[in-house]
Amino acid sequence: MATTPEIAALSFEDALKELEGVVRRLESGEAPLDESIDLYARGEALRAHCQARLDAAQARIEAVVADRDGRATGTRAFDGA
């Protein structure tokens, strides 16, 4: 398998695109067993990275500060914790 960039450095879109390629390769049934195992592991890491990016985005969206009536009055920083 060709050298790929570290997963942590990938944007959500790039990680998703690579994950789609991994799934296509696995579903084709053409990869030998050892490559399939490596692809599966890479795919799982890419899936986890994408999920973490989505979770972080959701947390940022939910960080909108509301007043007593539930109207948005601003935002607060998302600290990643």
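These notes cover the structure that comes with them. As the structure is a computational prediction, the values presented were derived from the model and not from experiment. (Residues numbered from 1 in each chain as written. Predicted model: local features only at pLDDT ≥ 70, side-chain atom pairs only at ≥ 80, totals over all residues. Heavy atoms only, no water.)

Enumeration over the complete set of coordinates arrives at four salt bridges. One salt bridge in this structure joins Glu35 and Arg25, with 3.1 Å as the shortest N-O distance. Taken together, the residues Glu35 in helix H2 (residues 33-62) and Arg25 in helix H1 (residues 12-28) connect sequence positions 10 residues apart. Its relative accessible area of 24% is what places Glu35 among the partly exposed residues. Accessibility expressed as a relative area gives 28% for Arg25, which makes it partly exposed. (Salt bridge = Lys/Arg side-chain N within 4 Å of Asp/Glu carboxyl O. Helix = DSSP H or I, 4+ residues; strand = E, 2+ residues; numbered from the N terminus. Buried < 20%, exposed > 50% of the residue type's maximum accessible area, 1.4 Å probe, protein only.)

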